[in-house]
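Residues per chain, in single letters:
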There are 2 protein chains.
Amino acid sequence: MNDLYKEHYLLRAIELAENNAKNGTGGPFAALVVKDDVIIAEAVNTVTPDKDPTAHAEVNAIRIACQKLNTFRLDGCQIYASCEPCPMCLGAIFWAHPDVVFYAATQQQASQSGFDDSFIYEQIALPNDQRKIAFIHKIVAISETPFQQWSSNDQKVTY
Amino acid sequence: MNDLYKEHYLLRAIELAENNAKNGTGGPFAALVVKDDVIIAEAVNTVTPDKDPTAHAEVNAIRIACQKLNTFRLDGCQIYASCEPCPMCLGAIFWAHPDVVFYAATQQQASQSGFDDSFIYEQIALPNDQRKIAFIHKIVAISETPFQQWSSNDQKVTY
């Protein structure tokens, strides 16, 4: 996938991230979705102006690109990110199925600037009930019923 | 945090997930945000109708709750999820800062119904460039500039 890399897209992501930090319009992050050498989506982090903790650059870019392409999958696309995606964005990327991600700054650089990226990567590796935010499993007899409905629905759209 | 648990909220999440699967309006998942024993947000998975791979129940619930509470943090809130959150939703939850998460079905149950939750947890643990979707670090001289702008912006809103 390395042969798909074009540096000018990564420089564009960094430029957008820098402007976002300068203008106070969100965190210092940006991302692009590129397909067939065309930019499908450009996005910056908008957590604070949108009051949305999920509005990271990569999530925003994926959402915009999917709306433009009218699909919930980004097959054939490349993602360029000014910084290594956090676990939330990594998960979003796996659900979106692009070909590859190219990133510039590392999670350690993000951490040095006060962002929780590395911390969340550490937390994921812990047992669910030992995380700083505990994820507590409750045994409920009907926990399987949503999956049973899913299995028996012949009209379902899988993803 | 276990003393905050109330089973009827988890049963409500499972009921919503079951209905969503039955109605063909998205995947078999739902989540609630509860604060001071009041439901702030109820949401289901809307990946396929919204054509948005990030529209998982927990992400949707967090976004709705933050809009209602006019904040990007869910301090003092509990999240109830019909199924163990996937890595994307785990990340979203850490960024949102609720007190605790209670969930019913496990990632293994989700996996048995064809969802990638366990797979993505396995992928996160791999080196970046060895994942099924490669995350490739590119050395770019200006990678630090967004963080430098962030540090020097006295008006920035941290999150």
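Residues numbered from 1 in each chain as written. Chains lettered and ligands numbered in written order. Predicted model: local features only at pLDDT ≥ 70, side-chain atom pairs only at ≥ 80, totals over all residues. Heavy atoms only, no water.

Asker: Any chance you could explain the sheet that holds strand β4 (residues 100-105) of chain B here in plain terms?
Answerer: What links the strands of a sheet is backbone hydrogen bonding, and the strands pair in either a parallel or an antiparallel sense. Strand order in this open sheet of five strands is β5(A)-β4(B)-β3(B)-β1(B)-β2(B), and the pairing throughout is mixed. Strands at the two margins of the open sheet, each flanked by one partner only, are β5 (134-137) of chain A together with β2 (38-44) of chain B. With strand direction ignored, the average angle separating the axes of adjacent strands in the sheet is 20°. By the bridge criterion, four bridges tie β5 of chain A to β4 of chain B in an arrangement that is parallel. Within β4 of chain B, the residue paired with Ile136 of chain A across the bridge is Phe102 of chain B. (Pairing = 2+ DSSP bridges. Helix = DSSP H or I, 4+ residues; strand = E, 2+ residues; numbered from the N terminus. Axes fitted to C-alpha atoms, helices over the stretch in contact; angles between N-to-C directions.)

Asker: Explain the confidence of the model for chain A here, please?
Answerer: Interpretation of this model should avoid reading the predicted coordinates in detail wherever pLDDT is low. Averaged over every residue, the pLDDT of chain A is 96; residues scoring 70 or more account for 100%. The ipTM for the predicted assembly is 0.96, set against a pTM of 0.97. (pLDDT = per-residue confidence, 0-100.)

Asker: Please clarify how the packing of aromatic side chains should be interpreted in this entry.
Answerer: Residues and elements named next belong to chain A. Enumeration according to the criterion identifies 24 aromatic pairs over all chains in this entry. A centroid spacing of 6.1 Å and a plane angle of 25° characterise the contact between Tyr5 and Tyr80, whose relative ring orientation is stacked. Pair noted here: Tyr5 is in the segment before α1 (7-23) and Tyr80 is in strand β3 (residues 77-83), with a separation of 75 residues, a long-range link. Centroid distance Tyr80 to Phe102: 5.2 Å. Interplanar angle 40°. Geometry classified as tilted. Taken together, the residues span a long stretch of sequence, with Tyr80 in strand β3 and Phe102 in strand β4 (residues 100-105) at a distance of 22 residues. Comparing Tyr80 with Phe102, the two get one shared label, buried. (Phe/Tyr/Trp six-rings, centres within 6.5 Å; stacked < 30°, edge-to-face > 60°. Buried < 20%, exposed > 50% of the residue type's maximum accessible area, 1.4 Å probe, protein only.)

Asker: What exactly am I supposed to notice about the sheet that holds strand β2 (residues 38-44) of chain A here?
Answerer: Pairing is mixed in the open sheet, where five strands are placed in the order β2(A)-β1(A)-β3(A)-β4(A)-β5(B). Each having just a single partner strand, β2 of chain A together with β5 (134-137) of chain B make up the two edges of the open sheet. Within the sheet, the average angular offset between the axes of one strand and its neighbour, ignoring direction, is 20°. Taken together, the five bridges between strand β1 (residues 30-35) of chain A and β3 of chain A define a ladder with antiparallel strand orientation. The residue of β3 of chain A that forms the bridge with Ala31 of chain A is Ala81 of chain A.

Asker: What exactly am I supposed to notice about the pattern of salt bridges here?
Answerer: Here the idea is simple: oppositely charged side chains can pair when their charged atoms come close. If you walk through the whole model with that rule in mind, you get 10 salt bridges over all chains. Taking the shortest distance from any N to any O, the salt bridge between Glu15 of chain A and Arg12 of chain A comes out at 3.0 Å. Here Glu15 of chain A pairs with Arg12 of chain A, and both are found in helix α1, just three residues apart, close to one helical turn. For Glu15 of chain A, a relative accessible area of 39% translates into the label partly exposed. Between Asp52 of chain B and Arg63 of chain A there is a salt bridge whose closest N-O contact spans 2.7 Å. Taken as a pair, Asp52 of chain B in the loop between α2 (47-50) and α3 (57-69) and Arg63 of chain A in helix α3 (residues 57-69) lie in two separate chains rather than in one. The exposure class assigned to Arg63 of chain A is partly exposed, which follows from its relative accessible area of 25%. One continuous salt-bridge network, built from bridges that share partners, spans Arg12, Glu15 and Glu42 of chain A. (Salt bridge = Lys/Arg side-chain N within 4 Å of Asp/Glu carboxyl O.)

Asker: Would you take a moment to explain the interface of chain B and chain A for this structure?
Answerer: A common way to report how large an interface is uses the accessible area buried once the components associate. With 88 residues of chain B at the contact, the number on the chain A side is 88 residues. Of the roughly 8100 Å² buried where chain B meets chain A, counting both sides, 68% is carbon and sulfur surface. The interface formed by chain B and chain A contains two salt bridges. Broken down by element, the residue count for the side of chain B that touches chain A peaks at nine residues, all from helix α4 (residues 87-96) of chain B. (Contact = heavy atoms within 4.5 Å. Buried area = accessible area lost by both parts, 1.4 Å probe.)

Asker: Which parts of the structure should I look at to understand the relation of the copies chain B and chain A?
Answerer: Note on the chain copies: they are related by a rotation about an axis and a translation along it. For these two chains of identical sequence, chain B goes onto chain A by a turn of 180° and a shift of 0.0 Å along the axis, with RMSD 0.0 Å. Those values place the two copies in the arrangement expected of a two-fold rotation axis. The rotation axis passes nearest to the C-alpha of Met88 of chain B in chain B, at a distance of 1.9 Å. The fraction of interface residues of chain B whose copies in chain A are also interface residues reaches 100%, indicating that both copies meet through the same surface. (Least-squares fit on C-alpha atoms with pLDDT ≥ 70 in both.)

Asker: Where do I start with unusual backbone geometry in this structure?
Answerer: Residues apart from glycine generally show negative phi values, whereas peptide bonds are mostly found in trans. In this structure, Asn70 of chain A takes a positive phi of about 60° despite not being glycine. As for its position among the elements, Asn70 of chain A is in the loop between α3 and β3.

Asker: Teacher, can you tell me more about the nonpolar core here?
Answerer: One recurring pattern in soluble globular proteins: nonpolar side chains tend to sit buried together. Val33 of chain A together with Val33 of chain B are the most contacted members of the largest nonpolar core, which has 84 residues in total. The contact partners of Val33 of chain B, leaving out residues within four places of it in the chain, are Val38, Ile39, Ile40, Ala41, Ala61, Ile62, Ala65, Leu74, Cys77, Gln78 and Ile79 of chain B. Ranked by size, the runner-up nonpolar core spans 18 residues in total, among them Ala134, Ile136 and Val140 of chain A together with Val100 of chain B. (Core = buried A, V, L, I, M, F, W, Y, C linked by side-chain atoms within 4.5 Å.)

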